[in-house]
Amino acid sequence: MRTGLLLLNVSAAVALTVLTVDSGAWGAEAQGGLPRRDDFDSKLSLDWEIIRPDPSHVSLKSHPGKLTITTQYGSIHQAQTTAKNLYFIKMPEGVDDFVVTTCVEDLLPETAWQQTGLLFYEDDDNFFKWVRDYTSQGFPVLNAHYEIDQKFKGAISPVEVS
């Protein structure tokens, strides 16, 4: 299982400030070095796995102290596997209880299916995502969505946001 960032179908630059993965009440030694943190201070300090990397759309210099990803059209919905620059950190074996904190700045989705958020990812066919999404009905929501074996399992409790 990997945890990471999902930024899809957005034309503006997006800045991520900090991602912290913490095992909750367990100590760092017992859980493979958790907590882990990346402050994006001119370099990546964690061992990020990048799915479909495109370095021409990623910067650590344009907004110092932040990872800026200028997103491109793409998706991981069902058979579509075109989303680029998905950043992940592999969870250590045996970690079942954890907290993830992330901050996304300067992004307000305004076109259908634009979204940003947190993605728990096994592969393109098996994932859970918690996103700020812009619906085809024309309003933004906080949305949970998952797929198992490339089958869409639906949105869970979309909450309209302004």
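Small disclaimer: the values here were computed from a predicted structure and weren't measured.

*Asks:* Requested: an account of the overall build of the protein chain, with residues and values cited.
*Replies:* From N to C terminus, the protein chain includes zero helices and twelve strands. Starting at the N terminus and walking to the C terminus, you meet the elements of the protein chain as β-β-β-β-β-β-β-β-β-β-β-β. The burial tally for the protein chain puts 43% of its 162 residues in the buried class. Taking the contacts inside the protein chain whose residues are at least 6 apart along the sequence as the reference set, 55% of them involve residues at least 24 apart. Here the protein chain displays about 8,500 Å² of accessible surface, and carbon together with sulfur accounts for 53% of that area.

*Asks:* Describe in detail the confidence of the model for the protein chain, supporting the description with residues and values.
*Replies:* The predicted coordinates should not be examined in detail at positions where pLDDT is low. Averaged over all residues, the pLDDT of the protein chain equals 73, while 70% of them reach at least 70. When mean pLDDT is compared element by element in the protein chain, strand 5 (residues 58-59) scores highest at 90, while strand 2 (residues 13-22) scores lowest at 39. Throughout residues 8-31 the model reports pLDDT below 50, and contacts reaching past four residues in sequence, or to other chains, amount to 100 contacts.

*Asks:* Kindly report on the pattern of salt bridges, identifying the contributing residues and their values.
*Replies:* Counting across every chain of the model gives one salt bridge. Of the charged contacts, one joins R52 and D124 as a salt bridge, the two residues approaching to 2.9 Å between their closest N and O atoms. In this pair, R52 is assigned in the loop between strand 4 (49-51) and strand 5 and D124 in the loop between strand 9 (115-123) and strand 10 (126-134), connecting sequence segments 72 residues apart.

*Asks:* Outline the pairing of strand 11 (residues 140-148), listing residues and values.
*Replies:* If a strand is regular, its side chains alternate between the two faces of the sheet. For strand 10 and strand 11, the ladder comprises eight bridges, and the chain directions are antiparallel. Its bridge partner lying in strand 11, D133 is registered against V141. A loop of five residues connects strand 10 with strand 11, the two strands running antiparallel in sequence, and G138 in this loop sits at a positive phi of about 95°.

*Asks:* Explain the packing of aromatic side chains to me, and be specific about the residues and the numbers.
*Replies:* Enumeration according to the criterion identifies four aromatic pairs in this entry. Consider the rings of F88 and Y121, whose centres lie 4.4 Å apart with planes at 20°: the pair is stacked. You can see F88 sitting in strand 7 (residues 86-90) and its partner Y121 sitting in strand 9, a full 33 residues away along the chain. Taking the relative accessible area as the measure of exposure, Y121 reaches 3% and is therefore buried. Here the aromatic residues F40, W48 and Y87 are joined through ring pairs into a cluster of three or more.

*Asks:* Describe the side chain of E147, listing the residues and the values that go with them.
*Replies:* Within the element layout of this structure, E147 appears in strand 11. Despite its burial, E147 remains without a salt bridge, the nearest opposite charge being carried by K129 at 6.6 Å. A polar contact of 3.2 Å, which involves the side chain of E147, links it to the side chain of H77. Engagement of the side chain of E147 in a polar contact is seen with the backbone nitrogen of Q78, the distance being 2.9 Å. Apart from residues lying up to four places away in sequence, E147 is in contact with I76, H77, Q78, D124, D125, N126, F127, F152 and K153.

Conventions and cut-offs
Throughout this description, residue numbers start from 1 for each chain and increase along the sequence as written. Reporting of local features is limited, given that this is a predicted model, to residues whose pLDDT is at least 70; pairs of side-chain atoms are given and counted only at 80 or more, and all residues count toward the totals for whole chains, interfaces and linings. Only hydrogens and water are removed before side-chain values are computed, so all heavy atoms of the structure are retained for them. Here a helix means four or more residues in a row that DSSP labels H or I, a strand means two or more in a row labelled E, and each is numbered from the N terminus. Accessibility here uses a 1.4 Å probe with only protein chains present; expressed as a share of the type maximum, an area under 20% marks a residue as buried, one over 50% as exposed, and anything in between as partly exposed. Note on definitions: a residue-residue contact is assigned when non-hydrogen atoms from the two residues lie within 4.5 Å. Here the Shrake-Rupley method, with its probe set to 1.4 Å, supplies the accessible areas, and only the displayed protein chains count as covering residues. Per-residue confidence from the predictor is reported as pLDDT, which spans 0 to 100. We define a salt bridge as a contact between a side-chain nitrogen of Lys or Arg and a carboxyl oxygen of Asp or Glu at a distance within 4 Å. Note on pairing: DSSP must find at least two bridges between two strands before they are called paired. Here a Phe, Tyr or Trp ring, Trp counted by its six-membered ring, pairs with any other such ring whose centre lies within 6.5 Å, and the pair is stacked when the planes are under 30 degrees apart, edge-to-face when over 60, and tilted otherwise. Neither His nor the chain ends is counted toward charge; the positive residues are Lys and Arg and the negative residues Asp and Glu. In the analysis that follows, any N or O atom pair within 3.5 Å is treated as a polar contact, provided that within protein one partner can donate a hydrogen and the other can accept it, and provided that, for residues neighboring in sequence, both atoms belong to side chains.

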